[in-house]
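This is what each chain is made of:
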Amino acid sequence: MDRYKQLLENNQDWVRRKLEVDESYFARQAEGQQPPFLWIGCADSRVVPDEITGTGPGEMFVHRNIANIVTHSDLNLMSLLEYGVLSLRVDHIIVCGHTHCGGVQAALGHRKTGILDKWIRNIKDVYHMHREELEALADEQEVWNRLVELNVREQLMNLAKTSFVQRRWHEGEFPVLHGWVYHVEDGRLEATLRMTRDDPMDRIYRYEFDDAV
Ligand code: CO
């Protein structure tokens, strides 16, 4: 059988199984979404947010791109962030990197590919910011792993610098920002960082909000 046809058959099985357990399942799904989590992860096919976190439909608003980059010039992510943070009002934003990330590996190399180079440049910038620490490490594998972690940290900072996140922080403690690393080799999710509105940030990035708004 063509492999794509299997996907459609799997879907029919899934619908059947869902309805067996709860016949109004899809009717409720159609009423709307109020996910508590926003996930920003790598597009890598091995890092499947729902499956590795045990979440189901309606629980996680998801954005994935190569190497889980957060950059304010990304119209797609910024639109999603604005909607997720200010309209859906998610409580938690998770930036999840992963070991064996091809995007991070590409950033450590010097091969020219095409437009992807422009995207990967974001990670080279992270390397540049942490060059001293990275170059003190013993081997390439350690550098690769550490750059995955540092990339997550910098992308978390990029989230904190957005007016959307700061708008919510002006009102209360949410959203809490989480930096995680998924270990492809053993399936483990590691929580490496947590950032709240009380964490320090260079004040040049701080916005002021009018309380009347
Ligand atoms: Co990746």
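Residues numbered from 1 in each chain as written. Predicted model: local features only at pLDDT ≥ 70, side-chain atom pairs only at ≥ 80, totals over all residues. Heavy atoms only, no water.

Overview of the overall build of the chain
- Along the chain, the regular secondary structure elements total 9 helices and 5 strands.
- Starting at the N terminus and walking to the C terminus, you meet the elements of the chain as α-α-β-α-β-α-β-α-α-α-α-α-β-β.
- Along the longest, intermediate and shortest principal axes, the C-alpha atoms of the chain span 55 × 55 × 30 Å.
- Contacts in the chain between residues at least 24 apart in sequence constitute 62% of all its contacts with a sequence separation of at least 6.
- With the model as given, the accessible surface of the chain reaches about 13,000 Å², and the carbon-plus-sulfur share is 50%. (Helix = DSSP H or I, 4+ residues; strand = E, 2+ residues; numbered from the N terminus. Contact = heavy atoms within 4.5 Å. Areas by Shrake-Rupley, 256 points an atom, 1.4 Å probe, with all protein chains shown as cover.)

Observations regarding the nonpolar core
- Grouped together as the largest cluster of nonpolar side chains are 24 residues, with contacts concentrated most on L38, I40, L81, I93, L159 and L177.
- Taken together, the elements giving at least two residues each to this core come down to β1 (37-42), α4 (75-87), β3 (92-98), α8 (140-160) and α9 (163-171).
- Excluding its chain neighbours within four sequence positions, the residues that come into contact with I40 are H63, N68, V70, L77, I93, I94, V95, C96 and L159. (Core = buried A, V, L, I, M, F, W, Y, C linked by side-chain atoms within 4.5 Å. Buried < 20%, exposed > 50% of the residue type's maximum accessible area, 1.4 Å probe, protein only.)

Topic: the sheet that holds β3
- One open sheet holds the 5 strands; their spatial order is β2-β1-β3-β4-β5, and the pairing between them is mixed. Two strands lie at the open edges of the sheet, namely β2 (60-65) and β5 (188-195), each paired on one side alone. Across this sheet, the average inter-strand angle for adjacent strands is 20°, counted without regard to direction.
- The sheet contact formed by strand β4 (residues 176-183) and β5 spans 7 bridges and is antiparallel. Opposite Y182, over in β5, you have L189 as the bridge partner. (Pairing = 2+ DSSP bridges. Axes fitted to C-alpha atoms, helices over the stretch in contact; angles between N-to-C directions.)

Some remarks on the packing of aromatic side chains
- Throughout the structure, instances matching the rule amount to 4 aromatic pairs.
- Between Y25 and F26, the aromatic rings sit 5.0 Å apart at their centres with planes inclined by 90°, giving edge-to-face as the arrangement.
- Residue classification places Y25 among the buried positions, given a relative accessible area of 12%.
- Pairing F61 with Y83 gives two aromatic rings, centres 6.0 Å apart and planes at 55°, and the pair type is tilted. A residue pair is termed long-range when its members are at least 10 positions apart, and F61 in strand β2 and Y83 in helix α4 qualify at 22 residues.
- Overall, F61 belongs to the buried group, its relative accessible area being 14%.
- Of the aromatic side chains, those joined through ring pairs into one cluster are W14, Y25 and F26.
- The positively charged end of K161 is found above the aromatic ring belonging to Y205, 4.3 Å away from the centroid. (Phe/Tyr/Trp six-rings, centres within 6.5 Å; stacked < 30°, edge-to-face > 60°. Lys NZ or Arg CZ within 6 Å of the ring centre and 35° of its normal.)

With respect to the coordination of the cobalt ion
- At 2.0 to 2.3 Å from the cobalt ion lie its protein donor atoms, namely C42 (SG), H98 (NE2) and C101 (SG).
- Site description for the cobalt ion: donor spacing in sequence, C-x55-H-x2-C. With C42 in strand β1 and H98 in strand β3, this pair connects stretches of sequence that are 56 residues apart. Take C42 and H98: they sit in the same class, and that class is buried. (Donors = N, O, S within 2.8 Å, 3.2 Å for Na, K, Ca; no water.)

So, the domain arrangement of the chain
- For the chain, the assigned domains read domain 1 (1-32) and domain 2 (35-205).
- Measuring from the centre of the C-alpha atoms in domain 1 to the corresponding centre in domain 2 gives 31 Å. (Domains from an automatic or database assignment.)

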